[in-house]
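Architecture and fold: a report
Take a look at the letters that make up each chain.
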Amino acid sequence: MKACLVFILFIGISLSLGCSRHYRSYPLFMEQAQSCVETAPDSALHYLSLLKDSIRCEPEETQMYYHLLTIKAEDKLYTRHISDSLINLIVKFYNKYGDKNKQMEAYYYQGSVYRDLHDAPSALDAFHEVISRSKELSPADKKQSADLMARTYNQMGTLFAYQGLYDEALQANRESVNCYLAQGKKDKISYALRDIARMYDAKHQKDSALHYYQKAYRTTLSARSPHKAYRILGELGSFYYYSLVKADSAKRMLITALKHQPDMANALLVLGDVYRGENRWDSACYYLHQAIEYGDIYKQHSAYRHLSSIEIQKHNYPQAITYIRRAQLLADSIKKITRTEAIAKINSLYNYQHIQKENYTLLLENEKKNTFLWILGCISVVIMGVAISVYFHYKKKVQNTRLQMHKLSKLKEEQEAMSMKAHEENICKIKELEQKQIETEPRVKELEQKLVEQEGKITEKETLLKAQKEELEQAKALQNLLLAQKEELEAKNKEIIACLKKQKVLQDSLRQTSIYHFFHQACTKADSKITEEKWSELQKEVDTTYPNFSKHLYELSPKLSVIELQICYLMKISIPPTHIAIFTNRTKAAISNARTRLAKRLLGEQNSTEKLDAFISDLQ
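Rules and cut-offs
- Residue indices follow the written sequence of each chain, beginning from 1 at its first position.
- Local features in a predicted model are, by the rule used here, given only for residues with pLDDT of at least 70; side-chain atom pairs are given and counted only at 80 or more, and totals for whole chains, interfaces and linings are based on all residues.
- Hydrogens and water are ignored here; the side-chain numbers use all heavy atoms of the structure.
- Comment: elements are numbered from the N terminus, with helices defined as DSSP H or I runs of at least four residues and strands as E runs of at least two.
- When accessible area is computed with a 1.4 Å probe and restricted to protein chains, residues below 20% of their type maximum are described as buried, those above 50% as exposed, and intermediate ones as partly exposed.
- Contacts were defined at the residue level, with two residues in contact if any of their heavy atoms lie within 4.5 Å.
- Accessibility throughout is a Shrake-Rupley quantity obtained with a 1.4 Å probe, and a residue counts as covered only by protein chains that appear here.
- Here the aromatic set is Phe, Tyr and Trp, taking the six-membered ring for Trp, and pairing holds for ring centres within 6.5 Å; pairs whose planes are under 30 degrees apart are stacked, those over 60 apart are edge-to-face, and all others are tilted.
- For a ring to carry a charge above it, either NZ of a lysine or CZ of an arginine must fall within 6 Å of the ring centroid while also lying within 35 degrees of the normal to the ring plane.
- As used in this record, nonpolar core signifies buried Ala, Val, Leu, Ile, Met, Phe, Trp, Tyr and Cys residues forming a set joined through side-chain atoms within 4.5 Å.

With that out of the way, let us pick up the overall build of the protein. Counting its regular elements, the protein contains 26 helices and zero strands. Taking all 620 residues of the protein together, 33% fall into the buried category. Look at the contacts in the protein between residues 6 or more apart in sequence, and 56% of them connect residues 24 or more apart. Summed over its atoms, the accessible surface of the protein is roughly 40500 Å², and 57% of this surface lies on carbon and sulfur atoms.

Here we come to the packing of aromatic side chains. Scanning the entire structure with this criterion turns up 17 aromatic pairs. Judged by centre distance (4.9 Å) and plane angle (85°), the ring pair of Tyr108 and Tyr109 falls under edge-to-face. Overall, the relative accessible area of 3% leaves Tyr108 in the buried class. Classification of Tyr109 by relative accessible area gives buried; the value is 1%. Considering the side-chain rings of Phe519 and Trp535, the 5.6 Å spacing of their centres and the 50° angle between planes classify their relative orientation as tilted. Remark: Trp535 occurs in helix α21 (residues 532–545) and Phe519 occurs in helix α20 (residues 514–522); sequence separation between them is 16 residues. One exposure class covers both Phe519 and Trp535, and it is buried. Among the aromatic residues, those joined into a ring-pair cluster are Phe518, Phe519, Trp535 and Phe583. For the cation-ring pair, Lys102 lies above Tyr65, with the distance from its terminal atom to the ring centre recorded as 4.2 Å.

Let us now look at the nonpolar core. Counting 94 residues, the largest nonpolar core has Met30, Leu68, Ile87, Ile90, Tyr94, Met156 and Leu236 as the members making the most contacts within it. Dropping the residues within four chain positions of it, Tyr94 is found in contact with Glu61, Met64, Tyr65, Leu68, Lys102, Gln103 and Ala106. The next biggest cluster of nonpolar side chains, apart from the first, holds 33 residues, and it includes Ile530, Trp535, Phe549 and Phe583.

See the structure below:
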């Protein structure tokens with residue numbers, strides 16, 4: 001009874017400590033950040049920054065929730081996440097400790113981090129975890145987390161659309177709308193409805209797309225959200241012009257939207273295109289230039305293309321060429337961005353498949369281990385049962401034997417007490433036994449001596465065995481160290497290969513530039529004259545491709561002259577010395593002397609122009 005009371009007291013104390021761990025109060029600034037993170041994330045970040053130095057003194061759960069609030073505020077401010085290390089630690093912690101709502105929120109922002117890292121498969125896995133965990137909640141908790149679920153489905157819709165999975169994107173956005181409607185928040189469904197319209201437009205289902213665009217617009221008007229309403233109206237005008245080919249209706253919508261939101265680059269671009277189609281070139285040029293001012297690189301590229309078309313129709317060919325060149329420069333930048341995003345998508349898919357393969361392998365190993373442990377447990381139970389049975393059988397047998405011996409001994413004592421003859425015989429036997437003991441004493445001492453010698457040998461063997469075990473452990477440690485070094489070298493090799501591939505891409509990109517072709521084509525012309533603009537453009541392209549090229553040159557030779565720097569740039573794009581002399585307006589001998597001086601200043605060697613060529617070629 002006393003042991004039972006102690007056990008109950010221990011359980012009560014443990015539960016109290018557990019509750020105090022998860023439901024303790026947070027620091028004041030942290031609570032203020034928690035209260036305003038949804039509506040004023042910038043203020044929340046300010047409050048959290050005040051705890052930056054003292055948060056390490058708080059319990060682990062407080063630290064994790066502090067980091068989760070920080071990531072949440074940054075995400076709401078559209079700050080791009082660059083690493084998944086911290087959010088993975090947060091998810092791991094809340095999988096073991098925190099409450100379900102914080103666990104779901106951690107998974108949601110894990111998906112947001114992977115989204116920013118262009119790892120769509122991992123992001124979708126995290127968002128699926130949010131949905132899966134929500135099914136375990138009580139009805140009251142489900143109602144509380146409905147807004148998080150709506151945002152999760154919306155994020156999944158965006159990721160599906162990014163991968164061209166329009167049906168899945170439609171389903172996810174519909175679920176987002178349902179979650180908002182379940183909360184009675186009709187004012188938040190407008191963007192989800194707009195996304196549904198975009199998916200139908202991508203699937204060329206124009207009637208459905210028009211229905212959802214109009215529904216999204218009406219919803220924002222009824223919710224008294226003019227900012228959202230005019231942005232959706234601007235997109236609806238674009239849909240009318242390009243998909244429904246209704247220029248008049250599109251123009252009215254775009255003019256109305258821009259009247260209230262004049263910085264909408266897409267609406268400015270489309271309205272400029274509408275006026276271009278009507279040959280109203282002044283209006284078209286005005287709106288296209290506005291689109292260039294407010295728009296991103298994609299809008300600027302389209303605007304310059306439209307402007308070049310207008311100038312061609314006006315027979316203003318020099319200006320048209322200027323616009324075409326600007327459009328081409330932007331097109332090159334877009335290609336680089338697209339190529340970078342494609343590489344990031346391929347890398348994230350490869351990493352995801354690799355992780356999935358490792359997880360599957362670990363799962364199989366765990367299943368094998370669990371099966372082995374289960375079999376071992378069964379065998380242990382059987383052996384224990386047999387041992388217990390044998391023990392009780394043996395114990396009963398010993399008890400019976402002792403009882404029998406006790407009865408026999410008692411009977412003998414009674415008989416001996418009745419017989420003096422037996423007493424005399426026993427005295428004789430005692431004397432005989434004493435005599436035998438004296439006779440066997442040397443033999444006992446001899447055996448004792450041998451036993452001592454054997455024990456010494458056993459001690460030596462034990463010492464040798466211990467030394468061999470230590471040697472074996474050292475060998476295993478060395479083997480593990482060699483394996484770690486091998487893995488480190490393999491990782492470095494992968495980094496080197498990736499760096500070489502990246503450098504090859506940059507070199508190919510440099511060779512596609514107009515300035516590269518200009519200098520190589522100038523080699524075939526006798527009267528080639530290089531202007532300062534060409535030198536500046538060459539320097540810009542080389543430094544863009546090799547960001548540390550000129551930096552390393554000045555580090556090796558701070559007093560590098562302009563002509564010597566130009567020689568280095570020409571050597572970098574593989575211009576032979578003969579044409580370097582022409583381009584720099586120097587004699588061949590002067591160029592040869594300059595190359596010799598550069599070899600001495602950069603490499604510390606004279607007459608090493610071949611090494612200088614190799615050095616400049618390899619310099620990044």
